[in-house]
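Here's the letter readout for the chains.
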Amino acid sequence: MTDKEQFKVREEPFYQAQGNEVALYEAAYAARLPVMVKGPTGCGKSRFIEYMAWKLARPLITVACNEDMTASDLVGRYLLEANGTRWLDGPLTTAARIGAICYLDEVVEARQDTTVVIHPLTDHRRTLPLDKKGELIQAHADFQLVISYNPGYQSLMKDLKQSTKQRFTAFEFDYPDAALEISILVSESGIDEATARQLVSVGAAARRLKGHGLDEGISTRLLVYAATLIKGGVAPVDACRMALVRPITDDRDIRDTLDHAIDATF
Ligand code: ADP
């Protein structure tokens, strides 16, 4: 049996609520309803789930999904060993057995066959079939399935099917509003409020370019990076170029526009 302890969130993660999402999540968890968190990258989705796992005192198993991920990566597989084969549970199976919250981050990236295995876990059956092993797992009473996805990346090829979407309750996240984002930057990096305010204003300028040359605005995560560099002694203009601009665009015009916004701010 897997040791639950290793998946415990030991320390309270710092999480600033954007609204009443904490109470709503508690209600969803009380009913063991599956949850989907939608929103752009780096806006606090994973932090929210970590915080909720801590608050509810449930183990948390996070799986970062990618396009090569198959159902076996989630469910488990037989391993070849010197004297035969041994079954190894995948993270979803472990979560269903121990009663963890299983967070499938960016599930839309994974191959279609993964959705087939999550479906029976999301309805009244709460089961997980291990086809290769010939075992049907009944999920632990505390188990809950959570998925995240970024609607911004959605394409016809990569969107969740309605038959999957309609098995979840959903939270729609966005970047925090300015006051909240300032306080997040201050708490996460220790910079002063005035500098945090300047960083947030650069973020706001970049977010206005979304759809006009930028696929996504600057995330809260990148603002935290810039704040951390500044706190570490890097000049604000350099920190912003390095953390806010260079990662998000290869387009010279957009880069110059953002660089000018930074020069005008600091
Ligand atoms: P994603 O939406 O991609 O899962 P994360 O949850 O990893 O994003 O958030 C990225 C970073 O932004 C976090 O590490 C944290 O520093 C910061 N952050 C964003 N929103 C919040 C929030 N509401 N409270 C605290 N930190 C936040």
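Residues numbered from 1 in each chain as written. Predicted model: local features only at pLDDT ≥ 70, side-chain atom pairs only at ≥ 80, totals over all residues.

K.L.:
Got a minute to help me understand the site of the ligand in this structure?
P.N.:
Contacts to the ligand come from 17 residues, most closely from Gly44, Lys45, Ser46, Arg47 and Arg221. Among the secondary structure elements, those contributing two or more residues to the shell around the ligand are α2 (45-55), α7 (178-189) and α9 (220-231). In terms of residue class, the shell around the ligand is built from six nonpolar, seven polar and four charged. (Near = placed C-beta within 6 Å. Helix = DSSP H or I, 4+ residues; strand = E, 2+ residues; numbered from the N terminus. Nonpolar A, V, L, I, M, F, W, Y, C, P; charged D, E, K, R; others polar.)

K.L.:
Please explain helix α8 (residues 193-207) as it appears in this structure.
P.N.:
Given 3.6 residues per helical turn, the α-helix brings residues three or four places apart onto the same face. The terminal C-alpha atoms of α8 lie 21 Å apart, and with 15 residues this matches the ideal 21 Å at 1.5 Å per residue to within 8%. Among all positions of α8, only Thr195, Ala196, Leu199, Val200, Val202, Gly203 and Ala206 are buried. Across the axial projection of α8, the buried residues extend over an arc of 155°, all falling on one side. Facing away from the buried side of α8 by over 90 degrees, the exposed positions are Glu193 and Ala194. The elements touched by buried residues of α8 are α7, α9, α10 (236-245) and α11 (252-265). (Expected span 1.5 Å × (residues − 1). Buried ≥ 20, exposed ≤ 12 C-beta atoms within 10 Å, placed from the backbone. Arc of directions from axis to C-beta. Contact = placed C-beta atoms within 7 Å.)

K.L.:
Is there a simple way to explain the sheet that holds strand β1 (residues 35-38) in this structure?
P.N.:
Strands pair in a sheet through their backbones, by hydrogen bonds, and they do so in one of two ways: parallel or antiparallel. A sheet is described by the order of its strands in space; here five strands give the open sequence β2-β5-β8-β1-β9, paired in parallel fashion. If you trace the sheet from one side to the other, it starts and ends with β2 (60-64) and β9 (169-172), each paired once. Each strand axis lies, on average, 20° off the axis of its neighbour in the sheet, ignoring direction. (Pairing = 2+ DSSP bridges. Axes fitted to C-alpha atoms, helices over the stretch in contact; angles between N-to-C directions.)

K.L.:
What is the right way to look at the nonpolar core in this model?
P.N.:
Formed by 43 residues in total, the largest nonpolar core has its most connected members in Ala100, Cys102 and Val146. Counting residues per element, this core draws most heavily on α2, at five residues. Residues within four places of alanine 100 in sequence aside, it is in contact with Phe7, Arg58, Pro59, Leu60, Ile61, Ala95 and Phe143. One finds Ala196, Val202, Ile248 and Leu258 within the second-largest nonpolar core, a separate group that totals 26 residues. (Core = buried A, V, L, I, M, F, W, Y, C linked by C-beta atoms within 7 Å.)

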